[in-house]
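Single-letter residue listing:
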Amino acid sequence: MEGVAKNTNWQADLALDFAPRAGKTRLIASQRRGPLTVQRAFFPEGNVNHTYLLHPPGGVVGGDELNIDIKVQVGGQVLVTTPGATKFYRSAGPQALVKQSLHIADGATLEWMPLESIFFPATNVAIKTEVHLAADAKFIGWEMNCLGRPANGEGFAMGTINSDFACYRDGKIVLLDRFATQGESMMGSPVGMRGFSAQSMLVATVSDESLIRHVQTMLAGYAPKIWAGASCVDGLLVVRVLAHQSQDMLLLLVAVWRLLRPVIMERQAEPPRIWAT
């Protein structure tokens, strides 16, 4: 039955190293263990490497541990996404652990754009994401969290989610964001999710005040269907979103990405082909 934890636990590691080679950003080294892998790279816009992360089991259960380490060397240009949502199934007790470490060197760019994470009721998971930026690195990244399955009438009445997102610049912490909930403790709270079932955050390396105001104005146009706001934290633009549907949330984040990308990455937005399939 969908959403019930399996008996087999997966321990998986995936390390990817990207660098410019012969006019394109290539995957020059990789190490993997367990069910984490990537498709072959796509180059729909010249030298930018579009990479799709794959997790063949199709979901994460209690006791699983997934470790992802991505390095983009000097001058590399990489966009990473997933072909579909990541599902976190209900657990009989054990905690699942996902660690993601992203390293972007000087003059390199990384766009971290995975599709949504869906947390089934009774999920027990810890997610730890670290972004390590060199002084002249450029980054746009997001995470999207959908609690329960509202379309099936399932709220997030039970379960534990602990998600930490940390961003470092030259080894110094710039942003530390924590999302944690126990069952419905945050779902209806005025200081939590206010009755929304989906939450997301976008982070980008930009401190241009006029661009930030432009983003804020655009976000205001989505109210009251979606609640969203933007602020600047030590050279990082941080956008936070509350929505009822993951598709609405994705459309908003893509709209922000389309606005930011020409300024930060100096190229027009080219959505990953996999999203159209």
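Going by the structure above, here's the rest.
(A) Unusual backbone geometry, seen in detail. Here the amide bond leading from Ala223 into Pro224 is cis, since omega sits at 0°, within 30 degrees of zero. You can see Pro224 is positioned in the loop between helix 1 (209-220) and strand 16 (227-233). Unusually for a residue other than glycine, Glu266 sits at a positive phi of about 60°. With respect to the helices and strands, the residue Glu266 is situated in the segment after helix 2 (246-264). For Glu266, a relative accessible area of 63% puts it in the exposed group.

(B) Expanded view of the pairing of strand 4 (residues 49-54). Burial of strand 4 is extensive: five of the six residues sit out of reach of the surface. Where strand 3 (residues 37-38) lies against strand 4, two bridges are found, and the strand directions are antiparallel. From the neighbouring strand, Thr37 faces strand 4, where its bridge partner is Leu54. Pairing of strand 4 with strand 6 (residues 77-81), which is carried by four bridges, proceeds in the parallel orientation. Residue His50 lies in a different strand from strand 6, and its bridge partner there is Leu79.

(C) The layout of surface pockets, seen in detail. As a volume, the largest pocket reaches approximately 500 Å³. In terms of lining, the largest pocket is formed by 29 residues, of which the most central are Thr82, Thr86, Gln100, Pro114 and Ser117. Ranked by residues supplied to the lining of the largest pocket, first place goes to strand 12 (residues 138-147) with four residues. Considering only residue class, the lining of the largest pocket consists of 16 nonpolar, eleven polar and two charged.

What counts, and at which threshold
Residues numbered from 1 in each chain as written. Predicted model: local features only at pLDDT ≥ 70, side-chain atom pairs only at ≥ 80, totals over all residues. Heavy atoms only, no water. Helix = DSSP H or I, 4+ residues; strand = E, 2+ residues; numbered from the N terminus. Buried < 20%, exposed > 50% of the residue type's maximum accessible area, 1.4 Å probe, protein only. Pairing = 2+ DSSP bridges. 1 Å grid on protein atoms, 1.4 Å probe; cavity = no way out; pocket = protein on both sides within 12 Å on 5 of 7 lines; lining within 4 Å. Points joined across faces, edges and corners; volume = space filled by probe spheres on them. Nonpolar A, V, L, I, M, F, W, Y, C, P; charged D, E, K, R; others polar.

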